[in-house]
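In case you want the letters, here they are:
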Amino acid sequence: MRVANGVEPPTARFELMQVIANGQSLSVGQVMTTCLSTTQPYQNVKLFDASGSYLLSAPKASTLSLIPLVAPLRTEAIIFELYPGNILGETVEVSMANEMTRLAARAGIPRFRVHGTCTGITGAQYVYICKGGIWTSYAAGIFECQALASGSANGGLAKSTGANSFGVGYSLFTHGESDASLGIAPGVYCQDIVNMQANYDADCRAITGQTSSIPMIFSQQNSCPLSFAQNNVTALDQLAAFVALPRLLLCSGPKYQYTYNPADRVHLLDYRPLGEKSAQVAIANELYLAGRGPGWSPLYPTSVVRVGTTITITFNVPVGDYSVSPAQPYKSLGPLVFDVTRSAPHQVGSPFAMWAAGNGLEYGDTPLTLSLATGVGVSPIVYTCASTANLITGQKLAIYGQAIVSSPASRGVFTITVINSTQFSLNGTIGNESNVGGVAFAFAPIGITSAVIVGNTVVMQVARAPITGGFVGNAHHSDVDYTSFTGGFPDGRCSLLRDSDPYVANGPLGSNFTNYNWSCEFQMTVS
């Protein structure tokens, strides 16, 4: 078989490819929502147990079979339950599987079908759903792999579909919100992601006998932690994981661009675009493995340089058109644009209005570590730091950290008064926290006067240079109160910066959502 211009198409790594989805609520769907992928146009499949037990110790049970992959994956639950009762609505691996088969057919990859597995648990922290966790999420994915592969060299239940080869293609990890509010140190969650991918890779390959690796696909979470000024460690670690292992840890990008449920701003109104973006990532990687393209990378910064009050951020812009034949030339999916059809963050009334011209980009002094010096009822609130030498009475500081009460009076952006060489106060405040000595952090946001796109760079003009070093960020601070989730535009962690990729999943069950590559959430140091 040859595509129109005579270029030989790639072959499928596996004629039946399993995708194992794990994570928390954005992995398992939302209660009381309508499932949309209720038919199966591509011969994709899912596991079914006629007994209803899905006993993890019995992957060869005679009651197991494969049936068409539709949503919901299993009977929907209305409360927290473990696998197999973990499904709350339409799940992302269904739309991912459908779009993978559509894109594979467009690329000329024959005999390609997907088995969708979903084992996540709503609200779950990493330690509960990883290998060895007290919940069954990880073990359930291995169970389904065993059910597909057991019985013959080329597959047990997999072979019953007529597939000549079976393997696990990807793990899909939709997670990060719960861990973002734990106060974990930078790098911890990055290592968690590394470990999760390595465990799936080793355990599933031991079952299937496949030689090819099993990359993990994941997206940045942008809804947590609740405190609007608080550091979103998991999103930064998700990007760091991709940068560290870009062929095994495939970050699809952020999630702030999707349409959130206004009732909670952490769940989506339509889960299909998230799955479809993961499919775009997967097929880009399949074509790379077949020597047909550069592989996947998200839109993210590769360097930042400051000269005086001019800051230049260089971005990696994705290349290649994965929605059509791989015979077409690979090209930049730029140009970069600020999407003015969306409402920009950090506008008038926001605590970060000094960043309004950045369209989601952010700039400030390097954060200080603080210790709360005053307690409940004391006015004004006083903080202690190593040195106030670089602070000035009358300047604004953003104070953040782990909240001990639901609405701590000392979290936000405040005008300060320097008291002495190690202490400053927050003007007009009265304390409501009793954790004197509790650790917090502060930074001085610096105004952005303009942000202009030049090729694959954004050139910012800023109000001043940092005092002792600073940071440049994107979509890292929300504008809303710390009692709210922060998913979506315009006051969540979001940005207007994206490429011009016109990718749309327009198959029989596609969302028809224009799935641009939006800039990752990031924060980088700058001298």
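Each chain carries its own residue numbering, running from 1 in the direction its sequence is written. In view of the model being predicted, local features appear only for residues whose pLDDT reaches at least 70, and side-chain atom pairs are presented and counted only at 80 or more, with totals across whole chains, interfaces and linings using the full set of residues. Water and hydrogen atoms play no part in the side-chain values, which are based on all heavy atoms of the structure.

## Section: empty space enclosed by the protein
Both cavities and pockets are sets of points on a 1 Å grid over the protein atoms alone; in a cavity a 1.4 Å probe fits but cannot get out, in a pocket the set is open with protein on both sides within 12 Å along at least five of seven lines, and lining residues sit with an atom within 4 Å of a point. Grid points are joined across faces, edges and corners, and a volume is the space filled by probe spheres set on the points. Summed over all chains, the structure comprises five cavities of 30 Å³ or more. Approximately 70 Å³ is the volume found for the largest cavity. Considering the residues around the largest cavity, the lining is formed by 13 residues, among which Asn98, Glu99, Glu276, Leu509 and Gly510 are closest to the centre. Only runs of H or I of at least four residues qualify as helices and only runs of E of at least two qualify as strands under DSSP, and these elements are numbered from the N terminus. When contributions to the lining of the largest cavity are tallied by element, the ones reaching two or more residues are helix H2 (92-106) and helix H9 (272-289). Of the residues forming the lining of the largest cavity, the biggest block, four residues, is contributed by H2. Residues that form the lining of the largest cavity fall into these classes: four nonpolar, five polar and four charged. Side-chain classes follow a simple rule in which Ala, Val, Leu, Ile, Met, Phe, Trp, Tyr, Cys and Pro form the nonpolar group, Asp, Glu, Lys and Arg form the charged group, and the remainder, Gly included, forms the polar group.

## Topic: the pattern of salt bridges
Side-chain pairs of opposite charge can arise where the charged atoms are in close proximity. Here, a salt bridge means any side-chain nitrogen of Lys or Arg that lies within 4 Å of a carboxyl oxygen of Asp or Glu. Applying the stated criterion to the full structure yields 10 salt bridges. The salt bridge involving Glu15 is made with Arg111; its shortest N-O contact spans 2.8 Å. Residue Glu15 is found in the segment before strand S1 (16-23), and its partner Arg111 is found in the loop between H2 and strand S4 (113-118); the two are separated by 96 residues along the sequence. Given a relative accessible area of 14%, Glu15 falls into the buried group. The partner of Glu144 in a salt bridge is Arg74, and the shortest N-O contact between them spans 3.8 Å. Here the residue Glu144 occupies a position in helix H4 (residues 137-149), and Arg74 occupies one in the loop between strand S3 (64-68) and H2, the gap between them amounting to 70 residues. Neither residue differs from the other here; Glu144 and Arg74 are each classed as buried. Note on classification: 1.4 Å probe, protein chains only; a residue is buried when its accessible area is under 20% of the maximum for its type, exposed when over 50%, partly exposed between these limits.

## So, the packing of H4 against helix H7 (residues 188-208)
Between H4 and H7, whose axes approach to 10 Å, the crossing angle comes to 25°. In terms of orientation, H4 and H7 fall into the roughly parallel class. Handedness of the crossing formed by H4 with H7: right-handed. When H4 is examined against H7, the residues Tyr138, Ile142, Cys145, Gln146 and Ala149 are found in contact with a partner set consisting of Met196, Asn199, Tyr200, Asp203, Cys204, Ile207 and Thr208. For the contact of H4 with H7, the class distribution of residues is eight nonpolar, three polar and one charged. In this analysis an axis means a line fitted to C-alpha atoms, helices contributing only their contacting stretch, and an angle means the value between N-to-C directions, from 0 to 180 degrees. Note on terminology: angles under 35 degrees are roughly parallel, angles over 145 are roughly antiparallel, angles of 65 to 115 are roughly perpendicular, and the others are oblique. We call a crossing left-handed when the near helix sits turned anticlockwise from the far one by less than a right angle, and right-handed when that turn is clockwise. Any two residues having at least one pair of non-hydrogen atoms within 4.5 Å are treated as being in contact.

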